[in-house]
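# A closer look at the structure
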Amino acid sequence: DVKVTQSSRYLVKRTGEKVFLECVQDMDHENMFWYRQDPGLGLRLIYFSYDVKMKEKGDIPEGYSVSREKKERFSLILESASTNQTSMYLCASSSGSYTEAFFGQGTRLTVV
Amino acid sequence: AQSVAQPEDQVNVAEGNPLTVKCTYSVSGNPYLFWYVQYPNRGLQFLLKYITGDNLVKGSYGFEAEFNKSQTSFHLKKPSALVSDSALYFCAVSSNNAGNMLTFGGGTRLMVKP
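Reference entry: report on the structure contained in this document. What you see is a predicted model; the values in this text were computed from it and never measured.

### Things to note about the pairing of strand β7 (residues 64-70) of chain A
All names here are of chain A. Of the strand pairs in this sheet, β7 and strand β8 (residues 73-78) are connected by 5 bridges, and their pairing is antiparallel. When the sheet's bridge partners are listed, serine 67 is paired in β8 with serine 75. Where β7 folds back on β8, the antiparallel hairpin that results is connected by 2 residues.

Structural data, given as structure tokens:
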């Protein structure tokens, strides 16, 4: 069974902390994505990566960075967490633009 | 830039009645269209996709969707709704001109009442 695994289901961090959200896929997919999901706003793309060490900004990259050192792992970094980054974060992977994406279970991050 | 619009925040339907969840899109190039479903406290699950060919595509759980190029729409349908279909539904688009970027709509909550 295909799998996208996010390291934490729930996370509570303090304002100003550096936060790492980890995502691993076991499908040898080229593409990996980070979205945040907020009520009424749907899924908004933060960053995506189409290859190792390659990344592109999505719609809302401000306050975030990403790292993809290995094909299977895509990390989302909040350089200095703020309360407006409290959200559900979803990681996904796919093999191409015409194939379906597979999603992790999500990480609900609360910044206090 | 590509975009997806889901004009209804919520759709209410009685069990056994047909349902439609609307989606329109904007892309440059050929669109690749997807529907996903999210049950409470779960990640997104793939339902169906349109890449090319027949405009009517069939997917999981009895759902189908119709691609209409002139109206740039990809509405999700089911002939007979079940209470268990109640969930959050997302439409998404990518294209051959947007690299591998996948853009989602705002989501539509489907409520099926007994």
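What follows picks up the thread again.
### Some thoughts on the pattern of salt bridges
All names here are of chain A. Taken as a whole and assessed by the stated rule, the structure comprises 10 salt bridges over all chains. Across the salt bridge formed by lysine 71 and aspartate 28, the nearest N and O atoms sit 3.1 Å from each other. Here aspartate 28 lies in the loop between β3 (19-25) and β4 (31-38) and lysine 71 lies in the loop between β7 and β8, a separation of 43 residues in the sequence. A relative accessible area of 25% places lysine 71 in the partly exposed class. Relative accessible area serves as the criterion here: at 52%, aspartate 28 is assigned to the exposed category. Between arginine 44 and aspartate 38 there is a salt bridge, and its shortest N-O distance comes to 2.8 Å. On the accessibility criterion, aspartate 38 (12% relative accessible area) is buried. One network of salt bridges, in which partners are shared, links Asp28, Glu30 and Lys71.

### Brief notes about the nonpolar core
If you look at the biggest cluster of nonpolar residues, it comprises 27 residues, and the most contacted ones within it are B:Trp35, B:Leu47, B:Leu48, B:Phe74, B:Leu76 and B:Tyr89. Secondary-structure elements contributing two or more residues to this core are β2 (10-14), β3 (19-21), β5 (31-38), β6 (44-50), β8 (64-68), β9 (73-78), β10 (87-95) and β12 (108-113) of chain B. If you tally residues by element for this core, the top one is β10(B), at 4 residues. When residues no more than four places from it in sequence are discounted, the contact partners of B:Tyr89 are B:Gln6, B:Trp35, B:Tyr36, B:Val37, B:Leu47, B:Phe63, B:Leu76, B:Gly107, B:Thr108 and B:Leu110. Ranked by size, the runner-up nonpolar core spans 21 residues in total, among them A:Leu11, A:Val19, A:Leu21 and A:Ile46.

### Notes on the pairing of β8(B)
All names here are of chain B. Here strand β7 (residues 56-58) pairs with β8 via 3 bridges, running antiparallel. Among the inter-strand pairings, leucine 56 is bridged to a residue of β8, identified as glutamate 66. In sequence, β7 turns back onto β8 through a hairpin of 5 residues, with tyrosine 61 there showing a positive phi of about 60 degrees. Sheet analysis places β8 next to β9, joined by 5 bridges and oriented antiparallel.

### Description of the state of the cysteines
Residue and element names in this part refer to chain A. Scanning all chains against the criterion turns up 2 disulfides over all chains. What pairs with cysteine 23 in a disulfide is cysteine 91, and their sulfur atoms sit 1.9 Å apart. As the torsion about the S-S bond is roughly -75 degrees, the cysteine 23-cysteine 91 disulfide counts as left-handed. Here cysteine 23, found in strand β3, pairs with cysteine 91, found in strand β9 (residues 87-94); they are 68 residues apart in sequence, far enough to count as distant. The pair cysteine 23 / cysteine 91 is uniform in exposure class, with both members buried.

Cut-offs applied
- Starting from 1, residues in each chain are numbered consecutively following that chain's sequence as written.
- Working convention: letters from A go to chains and numbers from 1 go to ligands, in the order in which they are written.
- Where totals are concerned, whole chains, interfaces and linings use all residues; where local detail is concerned, this predicted model gives features only for residues with pLDDT of at least 70, and gives and counts side-chain atom pairs only at 80 or more.
- Side-chain descriptors were evaluated using all non-hydrogen atoms of the structure, hydrogens and water having been removed beforehand.
- By definition, two strands form a pair when at least two bridges between them are found by DSSP.
- Where helices and strands are cited, they refer to DSSP runs of H or I of at least four residues and of E of at least two residues respectively, numbered from the N terminus.
- We define a salt bridge as a contact between a side-chain nitrogen of Lys or Arg and a carboxyl oxygen of Asp or Glu at a distance within 4 Å.
- Relative accessibility decides the category of a residue: with a 1.4 Å probe and only protein chains considered, values under 20% of the type maximum give buried, values over 50% give exposed, and everything between is partly exposed.
- Remark: nonpolar core denotes a set of buried residues (Ala, Val, Leu, Ile, Met, Phe, Trp, Tyr, Cys) joined through side-chain atoms within 4.5 Å.
- Pairs of residues are marked as contacts when any of their non-hydrogen atoms sit within 4.5 Å.
- Cysteine sulfur pairs qualify as disulfides if the two atoms are within 2.5 Å.

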